[in-house]
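Examining the three-dimensional arrangement
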Amino acid sequence: MCIRDRENVPRGKVEQAQFVSKSVFPGTVRDYWIYVPQQYDASSPACLMVFQDGGGYVNLKGHSRVPTVFDNLIHKKEMPVTIGVFLNPGVIPPTVEGGKPRKNRSFEYDTLTDQYARFLMKEFLPMVEAEYNISQNPDHRATCGISSGGICAFTVAWERPDQFHKVISYVGSFTNIRGGHVYPSLIRKSEKKPLKVFLQDGENDLDNLHGSWPLANQRMASALEFSGYEYKFVFGDGGHNGRHGGAILPDALRWLWSDVKVE
């Protein structure tokens, strides 16, 4: 599917800045972008969608071109007015001149704790909510990510279903990088949570010392089915990249937001 700009579609604005964590991931620095649709009205709470590895999603020449997709779907009333938050993983700046920053991505994304969710809820999102009127209804709040960002998106909703009910994962790393392979068992043995989950993967995804990504995502889908979750799993022949997920993102978003009334 070709995702393209359409004539007569109101365009949202995107602003970029940097954020320094002071408590949850102290000293880490990350780029972030905020997308605000032209239809946003401060008198009405907007929905929220948080993207991990946000630079890849907000890039208008990237795998998903989310601002364009949001513009088109919001204009057609196929998804609600939604503010997009695009966060890159943190890096630790070098301490010596000419040094390279240390990446904090795997620690933030692959760890099965509430730490990243706390970063969002306690540090980052209050800054966004101070500027924009964002719904506090978890049915109106979604997370999305690719690879380790995909398991991170799920972990945020799993740990904080009081805040986020909706998840999209591209080629999610539900493998044993930092214990993520346990999720299918946890889903089966835990009380059902009010989550709505969209998974995408392909038969040519990774297979390495951490596990098999195709098998891990199939196990996730099977566990969600067993436990009665509202979910959708799209399995193709692609590899470990965002091409397939990006191509089907409009349909994924239509499905994800189909239970939210659009005025």
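Being a predicted model, the structure only gives us computed values, none of them experimental.

The rules we used
- Residues numbered from 1 in each chain as written.
- Predicted model: local features only at pLDDT ≥ 70, side-chain atom pairs only at ≥ 80, totals over all residues.
- Heavy atoms only, no water.
- Helix = DSSP H or I, 4+ residues; strand = E, 2+ residues; numbered from the N terminus.
- Rg over C-alpha atoms; globule rule 2.2 N^0.38 Å.
- Buried < 20%, exposed > 50% of the residue type's maximum accessible area, 1.4 Å probe, protein only.
- Contact = heavy atoms within 4.5 Å.
- Areas by Shrake-Rupley, 256 points an atom, 1.4 Å probe, with all protein chains shown as cover.
- Salt bridge = Lys/Arg side-chain N within 4 Å of Asp/Glu carboxyl O.
- Expected span 1.5 Å × (residues − 1).
- Polar contact = N/O pair within 3.5 Å; in protein donor to acceptor, adjacent residues only side chain to side chain.
- Pairing = 2+ DSSP bridges.
- Right-handed = clockwise from strand over helix to strand, strands pointing away.
- Phe/Tyr/Trp six-rings, centres within 6.5 Å; stacked < 30°, edge-to-face > 60°.
- 1 Å grid on protein atoms, 1.4 Å probe; cavity = no way out; pocket = protein on both sides within 12 Å on 5 of 7 lines; lining within 4 Å.
- Points joined across faces, edges and corners; volume = space filled by probe spheres on them.
- Nonpolar A, V, L, I, M, F, W, Y, C, P; charged D, E, K, R; others polar.
- Core = buried A, V, L, I, M, F, W, Y, C linked by side-chain atoms within 4.5 Å.

**Some remarks on the overall build of the protein**
- The helix and strand inventory of the protein stands at 9 helices and 12 strands.
- For the protein, the C-alpha radius of gyration of 18 Å lies close to 18 Å, the compact-globule estimate for 263 residues.
- Considering only C-alpha atoms, the protein reaches an extent of 50 × 50 × 35 Å along its principal axes.
- By the burial criterion, 52% of the 263 residues in the protein qualify as buried.
- Relative to all contacts within the protein whose residues are 6 or more apart in sequence, the contacts with residues 24 or more apart total 75%.
- When the accessible surface of the protein is totalled, it reaches about 11700 Å², and 50% of it is carbon and sulfur.

**Some details on the pattern of salt bridges**
- A full pass over the atoms with the stated rule returns 13 salt bridges.
- Close ionic contact of D162 with R160 constitutes a salt bridge, the shortest N to O distance being 2.9 Å.
- Residue D162 is classed as partly exposed on the basis of its relative accessible area of 41%.
- The salt bridge partner of E230 is K196, with a shortest N-O separation of 3.6 Å. Of this pair, E230 sits in strand β12 (residues 230-236) while K196 sits in strand β9 (residues 196-202), and the two are 34 residues apart along the sequence.
- Judged by its relative accessible area of 3%, K196 is buried.

**Comments concerning helix α4 (residues 115-129)**
- The terminal C-alpha atoms of α4 lie 20 Å apart, and with 15 residues this matches the ideal 21 Å at 1.5 Å per residue to within 8%.
- Of the positions making up α4, those classed as buried are Q115, Y116, A117, F119, L120, M121, E123, F124, L125 and V128.

**Overview of helix α7 (residues 213-226)**
- For α7, with 14 residues, the first-to-last C-alpha span of 20 Å sits near the 20 Å given by 1.5 Å per residue.
- Taken together, the buried residues of α7 touch α5 (148-159), α6 (183-189), β9, β10 (207-208), β11 (211-212) and β12.
- Of the residues flanking the start of α7, the one acting as N-cap is S212, its side-chain oxygen 3.2 Å from the backbone nitrogen of L215.
- Following α7 by one or two positions, G228 has its phi on the positive side, about 80°.

**Regarding the pairing of β9**
- Within β9, 7 of the 7 residues are buried, leaving the element largely enclosed by the surrounding structure.
- Side-chain alternation along β9 places K196, F198, Q200 and G202 on one buried face and V197, L199 and D201 on a second face that is also buried.
- With 5 bridges joining them, strand β8 (residues 166-170) and β9 adopt parallel strand pairing. Bridge pairing in β9 links S169 to L199.
- Handedness of the β-α-β unit built from β8, α6 and β9 comes out right-handed.

**Here's the deal with the packing of aromatic side chains**
- Overall, the coordinates contain 22 aromatic pairs when judged by the stated rule.
- Centre to centre, the rings of F19 and F119 are 5.9 Å apart; their planes meet at 70°, and the pair counts as edge-to-face. Linking F19 in strand β1 (residues 13-20) with F119 in helix α4, this pair joins segments that are 100 residues apart in sequence.
- Judged by relative accessible area, which is 11%, F19 ranks as buried.
- F119 gets classed as buried once you look at its relative accessible area, which sits at 0%.

**Focus: empty space enclosed by the protein**
- Summed over all chains, the structure comprises 1 cavity of 30 Å³ or more.
- Of the volumes computed, that of the largest cavity is approximately 50 Å³.
- Lining of the largest cavity is provided by F25, F107, E108, Y109, T111, T113, Q115, Y116, C152 and T155.
- With 3 residues, the top contributor of residues to the lining of the largest cavity is helix α3 (residues 105-110).
- By residue class, the composition of the lining of the largest cavity is 5 nonpolar, 4 polar and 1 charged.

**Here's the deal with the nonpolar core**
- Grouped together as the largest cluster of nonpolar side chains are 45 residues, with contacts concentrated most on L87, Y116, F119, L120, F124, L125 and F154.
- Only β2 (29-36), β3 (47-52), β4 (82-87), α4, α5, α6, β9 and α7 provide two or more residues apiece to this core.
- Sort the elements by how many residues they give to this core and α4 lands first, with 8 residues.
- In this structure, Y116 is in contact with F25, R30, Q52, L87, E108, Y109, C152 and V156, ignoring residues within four places of it in sequence.

**Let's talk about the layout of surface pockets**
- Taken as a whole, the largest pocket holds about 330 Å³ of empty space.
- Every residue lining the largest pocket is counted, 18 residues in all, and those nearest its centre are P45, P80, V81, V262 and E263.
- Across the lining of the largest pocket, the residue classes tally to 10 nonpolar, 4 polar and 4 charged.

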